[in-house]
Amino acid sequence: MGDQPIVRLENVGKAYGPVVSLQDITLEIGSNEIVGLIGDNGAGKSTLIKIVTGVETPTTGEVYIRGEHINFSNYSVQRAHELRIETVHQTSSLGTKQPLWRNFFVGRPITNALGFIKVREQKRISEQIMRETIGFRGAGIDVDTPVGRLSGGERQGVAIGRAMHFESDLIVLDEPTVALALSEVEKVLNFIRSIKENGRSCIYIEHNIHHVHEVCDRLIVLDRGRLVLDCEAKAMSYTELTDFLRNLHQGHEGETKVAS
Amino acid sequence: MLRRLFQIDGASVAVVFVLLIIVFMITAPQAFLGYRVYMSFMATVPPPLIIALGVTLVAVAGEMDLSFPSVVAAASYVFGILFQEWDVTWLAFFCAVAVGCAMGLVNGLVITLLGIPSLIATLAMLFLWGGLVTVLSGGIQLAIPDIYGTTMHSLLVGRIGGVFPVQMIWALLMAGFIWMLLNRHRFGENLLFIGDNLEVARMVGIDATREKIKLFALSGALSGLAGVLLTLETTAYFASQGMGYLLTVIAAVFIGGTSIFGGSGKVIGTVFAAFIVTVIEAGLVASGIQGFWTRFFIGFVFILSVTANAVIEDPDKVPLVRMLRTKLRKG
């Protein structure tokens, strides 16, 4: 695959009727990088994600995945999965009464020709994902543990592990640390680091600027549908970043004052 | 640790079953110390047990099926009339099961396409199917004593060595099949996730509508099979034949440990619980307690065990237990 970006957006825009949600976005997500996506509510983060993951189609612009031009008439969540793009949702998509080994494979279990699940194989692979891929170290947790018994951070880990197992190159994390205790957040940040260690890429949407700055390689800031910053995380210190965002915010307040 | 032990399929229900037998051996020794009462259980339990297996799967998906008494009646009638008029046995058997399956399919379509909650929809279908069978049969009863002595009769409901009812073996084979389906097949897994969290099931790509239609069709087919076994055993058909199963089947499913909230089912638990319900009925009568009390006791055991199962699953789901726990913590 080399240096070809996994996703490339060119002048992408999206309008819902008269409401413009995204305008003239051009950006790339390279291979093996964690990109933090920052912006206020309504800045266009979720619209951007929905376009990349096949939920929505843009009104203008082009999208390329691994250099291949995307024809939106047959782009869907299913197709995005085939192109190895997975989303881990805010509210995790796990059945809480079901054991870990079922949750890893639900929707695409390993079965024989008659549709019977190869339980032993699924358990073995689940074990492997837990220990090796996402580095689970929770005491008293094994593949038979119902997901309901796991903490919020651990559940995110299961969802991330599942996404990685299904060979996705790009994992989209939609605010995975919302409503988590501090110690749990640290676990999730480690799971995110493991995405990079496993040679994949990640778009990480987060409200907490500190977390984003800590784990991301590159930062993208959206503001009212426009791309206002796209830089290496190292190029900006945490204080510089918060100052930038504060200025952005004050700018709006100035405008609203002028308008009124 | 103890909680984990009780979560094993059927473990706690098996304990209750054994205790119950021991109690009745003391209170009604003349009946429960001999083998004949057990042979009689194994002759009468298989039909409601087979229905309960289907309803267990339905409950796993967070749904309910109350239409089975009428499906049993329909299958019994189809089987009886085909045998009486055309003298066919296996064809009558397959037609009866197919009719049950078709009725279940319609139930599934009503639930998924009209979006009526299954508890209400299948209650309505109980009347609808029941009424239809009565109209089509002209309200008659059938007696088919000639079925006794056919190969089919001895294969399905005969007695091994003159004492052991063959239908018990068929019922256990069905239980094994349903256990595999629930715990080892992707269909069962889909049902588990549908009952656990429908939103999640949809998100991972499970076609909940299609699976639910299949589920109700399967439940209908099992009720049809139960109807045939019942007619073979009694060599008769009458319209209210399945009605007596309404309480016992639902009680068996939930006494067996299947979650009333969906997302978890205990097939082996259902097998033991189907026996428990019948044993209570017979045991109370044999102990000299008036027959009228049996329903009261089954209702009582039903409430008690459903509560116990909910506490095992998640103590906070039982408001009374939750209240007591917070009080204890404060005190």
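As the structure is a computational prediction, the values presented were derived from the model and not from experiment.

(A) Expanded view of the overall build of chain B. Counting its regular elements, chain B contains 17 helices and four strands. Taken over the C-alpha trace, chain B has a radius of gyration of 20 Å; the compact-globule value for 331 residues is 20 Å, and the two agree within 12%. With the C-alpha coordinates of chain B rotated into their principal frame, the extents come out at 70 × 55 × 35 Å. Across the 331 residues in chain B, those meeting the buried criterion constitute 46%. The long-range fraction of contacts in chain B, counting pairs at least 24 apart against all pairs at least 6 apart in sequence, stands at 76%.

(B) Inspection of the environment of I81(B) at higher detail. All names here are of chain B. Here I81 is to be found in helix 6 (residues 68-86). Taking the number of C-beta atoms within 10 Å as the measure of exposure, I81 has 19 and is therefore partly exposed. Distance in space between the C-alpha atoms of I81 and F127 is 21 Å, their sequence separation being 46 residues.

(C) The sheet that holds strand 7 (residues 170-174) of chain A, seen in detail. All names here are of chain A. The sheet built from six strands is open, its strands ordered 6-7-8-3-9-10 with mixed pairing. The open sheet is flanked by strand 6 (85-88) and strand 10 (226-232), the only strands paired with a single partner. Strand-to-strand twist of the sheet, defined as the mean angle between neighbouring strand axes without regard to direction, takes the value 15°. Pairing of strand 3 (residues 34-38) with strand 8 (residues 201-205), which is carried by four bridges, proceeds in the parallel orientation. Opposite I34, over in strand 8, you have C202 as the bridge partner.

(D) Region of interest: the environment of D230(A). Structurally, D230(A) is set in strand 10. Distance from D230(A) to L37(A), taken between C-alpha atoms, is 9.5 Å for residues 193 residues apart in sequence.

(E) Highlighting the interface of chain A and chain B. In this assembly, 15 residues from chain A lie in contact with 16 residues from chain B. Tallied by class, the residues present in the side of chain A that touches chain B amount to six nonpolar, seven polar and two charged.

(F) Here's a closer look at the pairing of strand 1 (residues 7-16) of chain A. All names here are of chain A. Bridge count between strand 1 and strand 2 (residues 19-29): seven bridges; the pairing is antiparallel. In the strand pairing of strand 2, A15 is matched with V20. Where strand 1 hands over to strand 2, the hairpin turn is made up of two residues, of which G17 adopts a positive phi near 60°. Both strand 1 and strand 4 (residues 60-65) contribute to a ladder of five bridges, which runs antiparallel. Each residue of the ladder has a partner; that of E10, found in strand 4, is E62.

(G) Highlighting the sheet that holds strand 2 of chain A. In spatial order, the strands read 2-1-4-5 (chain A); together these four strands make up an open sheet with antiparallel pairing. Two strands lie at the open edges of the sheet, namely strand 2 and strand 5 (68-69) of chain A, each paired on one side alone.

(H) Structural detail: unusual backbone geometry. Residue and element names in this part refer to chain A. Despite not being glycine, N11 shows a phi value in the positive range, around 50°. With respect to the helices, strands and loops of the structure, N11 is situated in strand 1. Take N11: there are 12 C-beta atoms within 10 Å of it, and that puts it in the exposed class. Even without glycine at this site, R224 takes up a positive phi of about 45°. Relative to the helices and strands, R224 is located in the loop between strand 9 (218-223) and strand 10. Looking at R224, the number of C-beta atoms within 10 Å reads 16, which means it is partly exposed.

(I) Inspection of the packing of helix 5 (residues 46-60) of chain B against helix 15 (residues 267-286) of chain B at higher detail. Residue and element names in this part refer to chain B. At a minimum axis separation of 10 Å, helix 5 and helix 15 run at an interaxial angle of 145°. Helix 5 and helix 15 meet at a crossing whose hand is right-handed. The residues of helix 15 that touch helix 5, namely those facing P48, L49, A52, L53 and T56, are V267, T270, V271 and A274. Across the contact of helix 5 with helix 15, the residue classes tally to seven nonpolar, two polar and no charged.

(J) Here's a closer look at the packing of helix 5 (residues 152-165) of chain A against helix 6 (residues 182-197) of chain A. Residue and element names in this part refer to chain A. Packing of helix 5 against helix 6 leaves a shortest axis separation of 8 Å and a crossing angle of 10°. When the axis of helix 5 is compared with that of helix 6, the two are roughly parallel. As for how helix 5 packs across helix 6, the hand of that crossing is right-handed. Residues G152, G153, E154, Q156, G157, I160 and M164 of helix 5 lie in contact with helix 6, whose contacting residues are E184, V185, K187, V188, F191 and I195. Considered class by class, the residues forming the contact of helix 5 with helix 6 number six nonpolar, four polar and three charged.

Criteria and thresholds
- Residues numbered from 1 in each chain as written.
- Chains lettered and ligands numbered in written order.
- Predicted model: local features only at pLDDT ≥ 70, side-chain atom pairs only at ≥ 80, totals over all residues.
- Helix = DSSP H or I, 4+ residues; strand = E, 2+ residues; numbered from the N terminus.
- Rg over C-alpha atoms; globule rule 2.2 N^0.38 Å.
- Buried ≥ 20, exposed ≤ 12 C-beta atoms within 10 Å, placed from the backbone.
- Contact = placed C-beta atoms within 7 Å.
- Pairing = 2+ DSSP bridges.
- Axes fitted to C-alpha atoms, helices over the stretch in contact; angles between N-to-C directions.
- Nonpolar A, V, L, I, M, F, W, Y, C, P; charged D, E, K, R; others polar.
- Left-handed = near helix turned anticlockwise from the far one by under 90°.
- Parallel < 35°, antiparallel > 145°, perpendicular 65-115°, else oblique.

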